[in-house]
Amino acid sequence: MTYTLNFSAVWRSFDLLLQGLALSLGLAALAILAGCAIGLITAFGLVSKSTLLRKPAGLYVTVIRNTPILVLVLFSYFALPELGVRLGKIESFVLTLAIYAGAYLAEVFRGGLLAVPPGQREAGLAIGLTELQIRTSIIIPLMLRNVLPSLGSTLISLFKDTSLAAAIAVPELTFEARKINVETFRVVETWIVASCLYVATCSLLAALMRAVERRLAVPR
Amino acid sequence: MDFSFLDQLWVARIPLLKGLGVSLSISLLSIVVGTVLGVFVGLALTYGVRPLQWLVRGYTDFIRGTPVLVLVLASYYVLSTVGIDLGPFQAGILALAVFCSSHVGELVRGALQSIPKGQTEAAKAIGLTFPQTFAYVLGPQALRQALPAWVNTAAEMVKASTLLSIIGVAELLLRTQEVISRTFMSLEFYFFAGFLYFVINYGIERFGRYVERKTAVPS
């Protein structure tokens, strides 16, 4: 154990790490936005009375949740071209992450939808709103407030999952860290700095979500 | 897809089975080591003296804020740099066990804290010592609380085992990639690997639901 820490090589490439971090955050942001849309549609499928909607939605959630995300990432990048779907690295990764997020968020939203009291829907009907208006202006806002904590933790875990994009050479934080590793051989320092960047960003995201929750909390 | 896939699958059966075996041993080992570690983490978080609590809180927060892939890469490259020579398999297990311990630690803490204070007070009132209180009153109730979530963690570990392919452990995913580089049947073989993982994890998920039903407090 005669290793002496020397961070200077890592500091010289620090802007690369920051660029990687920015890309990681961008990937996570895109994935959570698209994932929310997919999850919302799937959640309405999961709580629907029609088996024709419920079964496929359930199948999607079960299959995606029980498959390792690395397999999904590799599948969509290397195997989809065989089906004629050609996507760039970043597009294919965002798509995969969104589909992955959608399955987790569908379960989150389903719980949130079931927690909205039926009286809210009845009240909407009583003042003459259509089914679509009730959903968009009453049920979805109430549901979102209910699920805000889970939404926050999903965002954080998606941010961490962006590290898997390194496996298909998307230049996000983990990929840049590996590159700096190979170029400078300052292995210990690079991983210390990279993990600290991840931890700091996760704490920041968590604090941000808590602030949003406080602002949107139901007044009592 | 034609029959040549089945032929290739038959040709590749031995490496794929070996890979599956390695994946299962990675998952099993990291769950066992991670759970033992995690129980200590959970106990320290709940009953530890203040400085110990801060230390362990820092550990769990750091591990939970770092992606598993980073843990795996760091464990493999850092340990060998500072002179601890572990193979990729051992380094990978270490990383996954550490990851698992932070999750188990939090769910043990959550389970212990959810037990009403009255239970401890009742145990004190009938003269039980703390170890006795833990063994007869708190432990069993915490176990019932934590078991379903623990089964979920187990499924999580099976999925995380795929990450060891990146540091060159010949588990199922790496074996699959090797077969693909020989046969160029990426669609079929990734699908097959995904299917195997699905079957394992779905089995664990069903088992988790069963455990949840069995351990639910009768109402």
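So, how was this worked out
Residues numbered from 1 in each chain as written. Chains lettered and ligands numbered in written order. Predicted model: local features only at pLDDT ≥ 70, side-chain atom pairs only at ≥ 80, totals over all residues. Heavy atoms only, no water. UniProt positions renumbered as here; feature names shortened; annotations may be inferred. Helix = DSSP H or I, 4+ residues; strand = E, 2+ residues; numbered from the N terminus. Buried < 20%, exposed > 50% of the residue type's maximum accessible area, 1.4 Å probe, protein only. Contact = heavy atoms within 4.5 Å.

- Under an unreviewed UniProt entry, the name given to chain B is Amino acid ABC transporter, permease protein, and the source organism is Sinorhizobium sojae CCBAU 05684.
- The heading Sequence similarities (unreviewed entry) in the UniProt record of chain B holds the text "Belongs to the binding-protein-dependent transport system permease family. HisMQ subfamily."

- Under an unreviewed UniProt entry, the name given to chain A is Glutamine transport system permease protein glnP, and the organism recorded is Sinorhizobium sojae CCBAU 05684.
- UniProt, in its Function (unreviewed entry) section for chain A, records the words "Part of the binding-protein-dependent transport system for glutamine; probably responsible for the translocation of the substrate across the membrane."
- A UniProt comment under Sequence similarities (unreviewed entry) is attached to chain A, and it reads "Belongs to the binding-protein-dependent transport system permease family. HisMQ subfamily."

## Comments concerning the overall build of chain A
Phase 1 of the analysis: Summing up its helical and strand segments, chain A has nine helices and zero strands in all.
Phase 2 of the analysis: Along chain A, helices (α) and strands (β) appear in the sequence α-α-α-α-α-α-α-α-α when read from the amino end.
Phase 3 of the analysis: Overall size of chain A, expressed as C-alpha extent along the three principal axes, is 75 × 50 × 25 Å.
Phase 4 of the analysis: Counting over 220 residues, chain A shows a buried share of 45%.

## Quick word on the environment of Arg65(A)
Phase 1 of the analysis: Locating Arg65(A) in the fold gives a position in helix H3 (residues 51-65).
Phase 2 of the analysis: Look at Arg65(A) and you get partly exposed, because its relative accessible area is 27%.
Phase 3 of the analysis: The residues contacting Arg65(A), other than those within four sequence positions of it, are Ala103(A), Tyr104(A), Glu107(A) and Lys159(B).

## A closer look at the UniProt feature "domain: ABC transmembrane type-1" (unreviewed entry) in chain B
Phase 1 of the analysis: In the numbering adopted here, UniProt assigns the feature "domain: ABC transmembrane type-1" (unreviewed entry) to residues 20-208 of chain B.
Phase 2 of the analysis: A distance of 22 Å separates the end C-alpha atoms of residues 20-208 of chain B, which is 84% helix and 0% strand.

## Concerning the UniProt feature "domain: ABC transmembrane type-1" (unreviewed entry) in chain A
Phase 1 of the analysis: The UniProt record marks residues 21-209 of chain A with the feature "domain: ABC transmembrane type-1" (unreviewed entry), using the residue numbering of this structure.
Phase 2 of the analysis: The straight-line gap between the two end C-alpha atoms of residues 21-209 of chain A is 19 Å; of that span, 81% is helix and 0% is strand.

## Examining the environment of Leu20(B)
Residues and elements named next belong to chain B.
Phase 1 of the analysis: By secondary structure assignment, the location of Leu20 is in helix H2 (residues 13-47).
Phase 2 of the analysis: Judged by its relative accessible area of 18%, Leu20 is buried.
Phase 3 of the analysis: It is 9.3 Å that separates the C-alpha atoms of Leu20 and Ala170, two residues lying 150 residues apart in sequence.

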